[in-house]
Amino acid sequence: MLGLFGLLDVGANSLSVAEEAMEVTGQNLSNVNNPNYTRQTLDVQSATPLQTTIGQEGTGVQAVGISQASDALLNAQITNENSVSSSLTSQQTALENAETYLNEQITNGSTDSTSPSGLTAGISNLFNSFQNVSTAPTSQSQRQTLVANAQNLATQFNSVSSSLSNVRDQINQSIQNGVSSANQDLAQIATLNQQIVMADAEGGSANDLVDQRQAAINDLASYANVATTAQSNGAVNISIGGVEMVSNISATDSLEAYDAGGGQLLIKAQSAGTPLTLSSGSIEGSITARDGALSTLQTSVNTLATQLITQVNSIYSSGYDLNGNTGASFFTGTDASDIAVNSTLANDPSAVQASGSANAAGDNSVMLALSQLATSKVSGLNNQTFSQSWAQTVGALGNSISSVNDQVNNSTSVTQMLQTQRDSVSGVSLDEEMTNLMQYQKTYEASAQLVSTINQMLETVINMKTS
C-alpha cells in the first residue's frame, strides 16, 4: 500500500502537474497574437504503479513533455504557397511599375487613345502634323508645330526607355536584397538547428525554437523555393534549387547573385558555384518579370523607335526645304534611348524638307508621303502600322498584368484557406485556454485539499503516538 506518505507524494505530484499545465496555458495565452506560435499542450501520464497484494495501485500522475499542436504537411503547404505568392507579388509590382511609366491608360488589355502624355497620343500628333504641313507646306506655324510634336514624341520615347531601364535596375537591386535576406535566414536556421539539437539531446523542450525556425523557413521561402528534410536529431536540412544549403547544424552554402552579361543578374550557389534554377519566391518572380514581359516591352519600344526613325528618314531625306537644301535626316539616334529631332529644325522650321523638288515651295509630296505612313503597314513591325504595333505592345503588358493579378488573387485565397486550417489546428483559442485554466485551477485546489487532508491524518497519527 502507498500509505500516508505515499499519498502525500501523489498529492504533491498532482500539484506540480497542475502548476505546469497552468504555465503552459499561460504561455499559450501570452502568444495568442503571435502569428508564428504553435499551441502547446502538457503531456501527462499515470505514474509508475505500485505492486501490492491486491494488485497494482496507482501512484498519481506525472508530466512527460510539452508537445505542439502542429501539422507538418500543412506547414509545408503554407511554406510552398508563401513562396508562390511572393513570386507573383514581385511580378505584379514590377509590371505595375512599368505600366505607370508608360503614361498609358490600359483597360482590358488595350490602350486608351485619350491618354494625353503617352506614346499613343505622341504618334498620332506626329502624323497629324505631317498631314497639316502637307495642306500648308509653306506655313511656318504648321512647321513649328510639327517640330514641337516630333520633339515631344522623341522625349516620350527617351522617357519610357529611361524609366524601363530604371525598373530593370530596381529589379536587380531587389534581387540583391533578396539574396542577402535569404542568406541571413539560412544562417539563422543553422543556428536554430544547433540550439534545437542541443535541447533535444538534454531531454528538454525546444518548441519555441522550433516555431522560430519555422518562421525563418517561411521567410526564406518568400525569396526562393525551399525543400526541407527533417532529421532524427531535430534538425532540418534545407535545399534550394537542388543544392543543399543547410546540413544539420551548419550552413554549408549560400546564395550569390552574378552578372550573366548585360546586367542580367542570376543566382548561383556560392560555394558549389552551381547556377540555380528557381521555381518560386520573390527572387524568381523578379527574374521572370525582368526577362519576360519587361524585356519584351523594352525590345518592342526600341523596335518601334528604330522603325520610326528609319521609315521617316527614308522619305524625308529625299525632300527639299524652303531654301532648296536636301539630304538631311528628320530624326537622329538609333532607338528609344537616343531618338531626337534634328537640332537644325528646332532653330529654323524653314529647314523642314517638305517638298519633293527644289524651289517648289508649294510642293507637299514629302509631307503627304510621311502622313501616309500613319496607315502604312511596316514589315519591321510585323506588318502593322506604328499605332497598331504600339497598341499591341501595351495590350500585351496589360494582359500580363491582368493575368498576374488573377494569379495573385487565387494565391491569396489559397494562402488564407491554408492559414485558416493552420489556425484551427495550431492556433490559440482564448475560450479553450480560459476553460483549461479554470480546470487546472480546480485541479490544483483539489490536490491542495488532498495534501491538507493527508497532513491532518498524519497529525492524528502523531497525536496517537504521543498520547
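Parameters and conventions
- Residues numbered from 1 in each chain as written.
- Predicted model: local features only at pLDDT ≥ 70, side-chain atom pairs only at ≥ 80, totals over all residues.
- Heavy atoms only, no water.
- Helix = DSSP H or I, 4+ residues; strand = E, 2+ residues; numbered from the N terminus.
- Rg over C-alpha atoms; globule rule 2.2 N^0.38 Å.
- Buried < 20%, exposed > 50% of the residue type's maximum accessible area, 1.4 Å probe, protein only.
- Areas by Shrake-Rupley, 256 points an atom, 1.4 Å probe, with all protein chains shown as cover.
- Lys, Arg positive; Asp, Glu negative; His and termini not counted.
- Charge placed at Lys NZ, Arg CZ, Asp CG, Glu CD.
- pLDDT = per-residue confidence, 0-100.
- Core = buried A, V, L, I, M, F, W, Y, C linked by side-chain atoms within 4.5 Å.
- Contact = heavy atoms within 4.5 Å.
- Pairing = 2+ DSSP bridges.
- Axes fitted to C-alpha atoms, helices over the stretch in contact; angles between N-to-C directions.
- Salt bridge = Lys/Arg side-chain N within 4 Å of Asp/Glu carboxyl O.
- 1 Å grid on protein atoms, 1.4 Å probe; cavity = no way out; pocket = protein on both sides within 12 Å on 5 of 7 lines; lining within 4 Å.
- Points joined across faces, edges and corners; volume = space filled by probe spheres on them.
- Nonpolar A, V, L, I, M, F, W, Y, C, P; charged D, E, K, R; others polar.

The number of helices and strands found in the protein chain is ten helices and 14 strands. In terms of overall size, the protein chain is more extended than a compact globule, its C-alpha atoms giving a radius of gyration of 38 Å where 467 residues would be expected to give roughly 23 Å. The C-alpha extent of the protein chain, read off along each of the three principal axes, is 145 × 45 × 35 Å. For the protein chain, the residues scored as buried account for 41% of the 467 residues in total. Total accessible area on the protein chain is roughly 22300 Å²; 48% of this is exposed by carbon and sulfur atoms. Here the protein chain holds 10 positive side-chain charges and 37 negative ones, and the gap between their average locations is 2 Å.

Moving on: the confidence of the model for the protein chain. For the protein chain, the average pLDDT comes to 91, and 97% of its residues sit at 70 or higher. Strand β14 (residues 340-341) holds the highest mean pLDDT among the elements of the protein chain, 97, whereas strand β6 (residues 110-111) holds the lowest, 50.

With 81 residues, the main nonpolar core has Phe157, Ile267, Leu308, Phe330, Phe331 and Met367 as its most contacted residues. The biggest single contributor to this core is helix α4 (residues 140-201), with 16 residues. If sequence neighbours within four positions are ignored, Phe330 has contacts with Leu126, Phe130, Leu146, Ala150, Val312, Asn313, Tyr316, Ala340, Val341, Asn342 and Leu345.

Turning next to the sheet that holds strand β7 (residues 227-230). Backbone-to-backbone hydrogen bonds pair the strands of a sheet. The strands run either parallel or antiparallel. Pairing within the open sheet is antiparallel, and its four strands lie in the order β7-β8-β9-β10. Lying at the two open borders of the sheet, with one neighbouring strand each, are β7 and β10 (250-251). Relative to β10, strand β9 (residues 243-247) is paired through two bridges, and the arrangement is antiparallel. Bridge pairing in β10 places Val246 opposite Ala251. Packed onto the sheet, α4 meets β8 (236-240), β9 and β10 and runs at close to 45° relative to β9.

Before going further, it helps to spend a moment on the pattern of salt bridges. Counting across every chain of the model gives two salt bridges. The partner of Asp291 in a salt bridge is Arg290, with the nearest N and O atoms 2.7 Å apart. Its relative accessible area of 1% is what places Arg290 among the buried residues. Between Glu445 and Lys442 there is a salt bridge whose closest N-O contact spans 3.8 Å. Here the residue Glu445 and the residue Lys442 both occupy positions in helix α10 (residues 430-466), the gap between them amounting to three residues, near one helical turn.

With that out of the way, let us pick up unusual backbone geometry. Positive phi outside glycine occurs at Asn103, with the angle close to 55°. By secondary structure assignment, the location of Asn103 is in the loop between α2 (72-102) and β5 (106-107). Phi at Asn248 takes a positive value of approximately 60°, unusual for a residue other than glycine. Of note, Asn248 is situated in the loop between β9 and β10.

One water molecule sets the probe size; rolling that probe over the atoms shows where empty space is left. Looking at the largest pocket, its volume works out to about 820 Å³. Around the largest pocket, the lining comprises 36 residues; the ones closest to its centre are Ser70, Asn75, Val210, Gln214 and Ile217. For the lining of the largest pocket, the leading source of residues is helix α5 (residues 207-221), giving eight residues. Across the lining of the largest pocket, the residue classes tally to 13 nonpolar, 18 polar and five charged.

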